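Chain by chain, the residues:
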Amino acid sequence: MTTATTSLKSLAEEFLTQASTIELGGGPKAIERQHAKGRLTARERISRLIDPGSFFQELGLWAAYGMYREHGGAPGAGVVTGIAPVQGRLHMIIANDATVKAGAFFPMTCKKIIRAQQVAMAARLPLIYLVDSAGVFLPMQEDVFPDTDDFGRIFRNNAVISAAGIPQIAAIMGFCVAGGGYLPVLCDTLLMTEGSGLYLAGQALVKAAIGQDVSDEDLGGAKMHAQISGTIDFREPDDEACLRRLRSLVAKYPPARPAIDPAARHKQQPVRSGDDVYDIFTDKPGEQYDAKDIVACIVDARGEPNADGHTSLAPDFDEYKPEYGQSLVCGYAKIGGHAVGIVANQGKLTTRQMPGGKAGPSKSTNMPRVIYDDSADKAARFIMDCNQRKIPLIFLHDTTGFMVGRDSEQGGIIRAGAKMVNAMSNCVVPKIVVILGGSYGAGNYAMCGRAFDQFLAFAWPGSKCAVMGAASACGTLAMIEEKSRERKGETIDKETHDQILAAVRASYNEQQDIRYGAARGWVDRIIEPHKTREELIAALDAAAQGWNYDQPFKTGVLQV
């Protein structure tokens with residue numbers, strides 16, 4: 001077993017251990033308090049809601065990781081979001097975690113819910129909200145309340161989603177107070193359990209504001225809203241009954257778009273095992289790998305005739321322009337029966353055939369993980385063709401960015417890169433991202449980074465995302481810090497230089513760690529590398545259920 005193999009596997013195990021801690025939310029004591037109220041936790045509710053034995057593809061588990069320490073932290077940002085089947089139809093599920101600060105909304109809580117709504121809107125996934133929240137986390141209200149990625153945007157999205165005809169059901173299974181009360185009421189169908197509360201202001205605030213003494217039930221109990229205000233549609237005795245009602249209501253939707261037959265899918269397997277990625281992939285300096293070997297672990301297999309008349313299995317991958325622009329691997333494939341286009345950074349040295357004069361064509365060598373101008377040109381045209389075909393695009397990231405230097409600039413790297421960014425930005429097909437290794441600088445942009453309307457974004461443990469690699473960035477940042485100190489009259493000796501460089505390196509390494517990005521919502525899900533195929537199939541299933549492929553594809557002006 002190689003060092004790279006051991007490293008990636010051990011990282012995956014480390015991340016899984018950390019993930020299991022995050023899944024506990026506020027911890028065992030907080031879970032006990034929730035049970036003492038006769039209520040289930042968010043994860044228990046989800047497990048009873050979704051189809052038995054089905055896969056819950058959780059999104060945003062690492063949201064707020066390492067953040068809000070001065071307030072005791074907010075594991076998972078106090079909300080659980082993800083995609084799973086309910087009565088055979090894939091839904092986006094959003095469940096407040098009342099074990100984390102009573103389900104209060106932190107800034108990342110808002111961003112996580114808004115992201116889930118965006119994914120649901122893109123693929124027209126029905127939404128189910130399991131509401132149990134104390135509302136805005138008041139110590140941070142200025143970062144939660146007013147902006148386009150804050151609390152109010154959730155309610156705006158509720159209204160827009162409803163107008164688009166995408167079903168929304170909300171179940172109040174605890175408290176739903178203040179502005180948060182608009183979320184369930186803006187949904188199509190509203191359920192509420194006994195003992196829950198739905199009101200704009202609680203008892204104490206009502207007493208302070210208008211001097212009125214009122215009970216919780218008269219103010220916003222389930223019975224009052226069922227019999228007097230008429231706000232709710234179904235009053236249920238407890239969580240279990242409410243979840244059964246939810247499943248019953250979902251069963252009354254018209255049939256979803258037909259999915260790929262599970263029996264047929266079971267027969268579709270890749271040529272290489274998913275476990276092989278641990279032997280193939282490396283992020284060690286000076287070491288290389290072939291991105292096409294990673295592709296072989298992900299895509300379906302197909303039979304190909306041998307010279308002896310027998311059939312052997314090969315990856316169902318038709319590589320696009322395989323002899324041109326080889327620093328990017330592009331091709332058409334099938335994954336779990338879904339037709340897709342794949343754009344992957346090449347992890348090994350490749351050869352480029354250069355135009356020549358009297359002496360004839362010459363050759364040059366392309367560095368691994370770097371995007372060259374010919375590769376960007378190739379990828380732009382491939383992306384446009386995938387939009388013509390109406391097939392999803394999968395971007396496999398492991399890039400240090402675009403090639404720099406005189407030859408690259410004269411070869412038109414900016415022009416070619418702009419063409420690729422333009423084509424990718426204007427896609428009307430689903431864009432799914434997997435960060436395998438590095439995702440740096442403009443390479444992140446061209447390979448459909450977070451700013452470019454990804455449908456879903458996954459990352460492997462140990463992957464990195466930043467404006468540039470640590471080696472380049474740390475030297476620059478340390479030099480800036482030293483110059484600043486020198487202007488203040490401080491002498492920078494070798495010991496001070498080493499201290500500054502170490503501090504800068506530690507800070508930068510933390511910021512490029514994928515957990516840092518996941519905490520801030522830059523990726524949706526950190527996945528186990530050997531399960532990449534299964535994760536992609538689940539994402540493609542979700543996109544296939546309701547994606548609108550009738551949108552016209554346009555690029556505007558292209559640099560040619």
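What counts, and at which threshold
Residue positions within a chain follow its written sequence, with the count starting from 1. Two thresholds apply to this predicted model, a pLDDT of at least 70 for residue-level local features and 80 or more for giving and counting side-chain atom pairs, whereas whole-chain, interface and lining totals are computed over all residues. Only heavy atoms go into the side-chain values, all of them from the structure, while hydrogens and water stay out. By definition, any uninterrupted DSSP run of H or I lasting at least four residues is a helix, any uninterrupted run of E lasting at least two residues is a strand, and each is numbered from the N terminus. A simple rule labels every residue: compare its accessible area, found with a 1.4 Å probe on the protein chains alone, to the largest value its type can have, and call it buried under 20%, exposed over 50%, or partly exposed in between. Throughout, a contact is declared for two residues whenever any of their heavy atoms are within 4.5 Å. By definition here, a salt bridge exists when the distance from a side-chain nitrogen of Lys or Arg to a carboxyl oxygen of Asp or Glu is within 4 Å. Note on aromatic pairs: the rings of Phe, Tyr and Trp (six-membered ring only in Trp) are paired at centre separations within 6.5 Å, and the planes decide the class, stacked below 30 degrees, edge-to-face beyond 60, tilted for the rest. To sit over a ring, a charge needs its Lys NZ or Arg CZ within 6 Å of the ring centre and within 35 degrees of the ring normal. Using a 1 Å grid laid over the protein atoms alone, points where a 1.4 Å probe fits but cannot get out form a cavity; open sets with protein on both sides within 12 Å along at least 5 of 7 lines form a pocket; any residue with an atom within 4 Å of a point counts as lining. Grid points are joined across faces, edges and corners, and a volume is the space filled by probe spheres set on the points. For this scheme, ten residues count as nonpolar: Ala, Val, Leu, Ile, Met, Phe, Trp, Tyr, Cys and Pro. Four count as charged, namely Asp, Glu, Lys and Arg, and the remainder, Gly too, count as polar. Pairs of strands are assigned from DSSP output, requiring at least two bridges between the strands. Residues grouped as a nonpolar core are buried Ala, Val, Leu, Ile, Met, Phe, Trp, Tyr and Cys residues, joined through side-chain atoms within 4.5 Å. One less than the number of residues in a helix, times 1.5 Å, gives the span that helix is expected to have. Two N or O atoms count as a polar contact when they lie within 3.5 Å, although within protein this holds only if one can serve as hydrogen donor and the other as acceptor, and sequence-adjacent residues are included solely when both atoms are side-chain atoms. Note on method: axes are straight lines fitted to C-alpha atoms, helices fitted across the in-contact stretch only, with angles between N-to-C directions ranging 0 to 180 degrees. Angle categories: roughly parallel below 35 degrees, roughly antiparallel above 145, roughly perpendicular from 65 to 115, and oblique for all the rest. For any helix crossing, the convention is left-handed if the near helix is rotated counterclockwise from the far helix by under a right angle, and right-handed if that rotation is clockwise.

Asks: What exactly am I supposed to notice about the environment of Phe55 here?
Replies: By the element assignment, Phe55 lies in the loop between α3 (42–49) and β1 (57–59). By relative accessible area, which is 41% here, Phe55 ends up partly exposed. Separated by 13 residues in the primary sequence, Phe55 and Tyr68 place their C-alpha atoms 30 Å from one another. Sequence-distant contacts of Phe55, defined by excluding residues within four places in its chain, comprise Ile83, Ala84, Pro85, Arg525, Glu535 and Ala538.

Asks: Help me out: how do you make sense of the pattern of salt bridges in this one?
Replies: Pairs can form between side chains of opposite charge once their charged atoms are near each other. Tallied over the full model, the rule gives 33 salt bridges. The partner of Lys111 in a salt bridge is Asp150, and the shortest N-O contact between them spans 3.9 Å. Of this pair, Lys111 sits in helix α4 (residues 107–123) while Asp150 sits in the loop between β4 (127–133) and α5 (151–163); the two residues are 39 residues apart in sequence, bridging distant segments of the chain. A residue is classified by how much of its surface remains accessible, and Lys111, at 28% relative accessible area, is partly exposed. Asp385 is the salt-bridge partner of Arg389, the closest N and O atoms lying 2.9 Å from each other. Residue Arg389 and its partner Asp385 are located together in helix α14 (residues 373–389), separated by four residues, close to a single helical turn. A relative accessible area of 48% places Arg389 in the partly exposed class. The partly exposed category is assigned to Asp385, whose relative accessible area is 23%. Within this structure, Glu14, Asp513 and Arg515 form a network of salt bridges that share partners.

Asks: So what exactly am I meant to see when it comes to the packing of aromatic side chains here?
Replies: Each aromatic ring pair is described using two quantities: the centre-to-centre distance and the angle formed by the ring planes. Inspection of every chain in the model, using the stated rule, returns 15 aromatic pairs. For the pair Phe105 and Phe151, a centre-to-centre distance of 4.7 Å together with 65° between the ring planes defines the contact as edge-to-face. One end of the pair, Phe105, is in the loop between β3 (89–96) and α4; the other, Phe151, is in helix α5, and 46 residues separate them in sequence. Comparing Phe105 with Phe151 shows no difference in burial state: the two are buried. Ring geometry for Tyr516 versus Trp522: centroids 6.1 Å apart, planes at 65°, classification edge-to-face. Here the guanidinium or amino end of Arg389 rests over the ring plane of Tyr332, the centre of that ring lying 4.0 Å away. One cation-aromatic arrangement involves Arg520 over Tyr516; the distance from NZ or CZ to the ring centre is 3.5 Å.

Asks: What is the right way to look at the layout of surface pockets in this model?
Replies: A water-sized probe, rolled over the atoms, reveals where empty space remains. Estimated volume of the largest pocket: approximately 730 Å³. Forming the boundary of the largest pocket are 35 residues, of which Arg115, Gln118, Val119, Asp453 and Gln454 lie nearest the centre. By residue number, the principal contributor to the lining of the largest pocket is α4, which donates 10 residues. Here the residues of the lining of the largest pocket are counted per class, giving 18 nonpolar, seven polar and 10 charged. Estimates place the volume of the second largest pocket at around 600 Å³. Lining the second largest pocket are 27 residues, with Asp283, Pro285, Tyr440, Lys464 and Gln512 positioned closest to its centre. Residue assignment for the lining of the second largest pocket shows that the elements contributing at least two residues are α1 (3–22), β17 (393–399), β19 (431–440), α18 (470–487), α19 (494–512) and α20 (514–519).

Asks: Explanation requested: the pairing of strand β10 (residues 311–315) in the structure shown.
Replies: Walk down a regular strand and you will see the side chains alternate between the two sheet faces. Summarising the sheet, strand β9 (residues 301–305) and β10 pair through five bridges and their orientation is antiparallel. Each bridged residue has a counterpart across the sheet, and for Arg302 the counterpart in β10 is Ala314.

Asks: Just to check I follow, could you spell out the nonpolar core for this structure?
Replies: Within soluble globular proteins, side chains that are nonpolar tend to cluster in buried spots. If you look at the biggest cluster of nonpolar residues, it comprises 84 residues, and the most contacted ones within it are Ile335 and Ile342. It is α4 that contributes the most residues to this core, eight residues altogether. Sequence-distant contacts of Ile335, that is, excluding residues within four places in its chain, are made with Ile298, Val299, Asp300, Val340, Ile342, Ile394, Arg533, Leu536, Ile537 and Leu540. In terms of nonpolar packing, the next biggest core, distinct from the first, is built from 43 residues, Ala19, Cys427, Ala457 and Ala459 among them.

Asks: Is there a simple way to explain the side chain of Asp97 in this structure?
Replies: Mapped onto the elements of the fold, Asp97 is located in the loop between β3 and α4. With near-sequence residues (within four places) excluded, Asp97 lies in contact with Gly25, Ala42, Gly78, Val79 and Gly103.

Asks: I would appreciate a short explanation of helix α10 (residues 239–250) in the present structure.
Replies: Count 3.6 residues to each turn of an α-helix, and residues three or four apart come out pointing the same way. Across its 12 residues, α10 extends 17 Å between first and last C-alpha, which sits within 8% of the 16 Å expected from 1.5 Å per residue. Of all the positions in α10, only Asp239, Ala241, Cys242, Leu243, Leu246, Arg247 and Val250 are classed as buried. You can read the cap of α10 off the contacts: a side-chain oxygen lies 3.3 Å from the backbone nitrogen of Glu240, and it is on Asp238.

Asks: Explanation requested: the packing of α3 against α10 in the structure shown.
Replies: The relative placement of two packed helices is expressed as an angle between their axes plus a distance between the axes. The interhelical angle for the contact between α3 and α10, taken along N-to-C directions, is 40°, at an axis separation of 9 Å. In terms of their interaxial angle, α3 and α10 are classed as oblique. Considering the relative orientation of α3 and α10, their crossing is right-handed. Contacts between α3 and α10 involve Arg45, Arg48 and Leu49 on the former and, on the latter, Asp239, Glu240, Leu243, Leu246 and Arg247. In terms of residue class, the contact of α3 with α10 is made up of three nonpolar, no polar and five charged.

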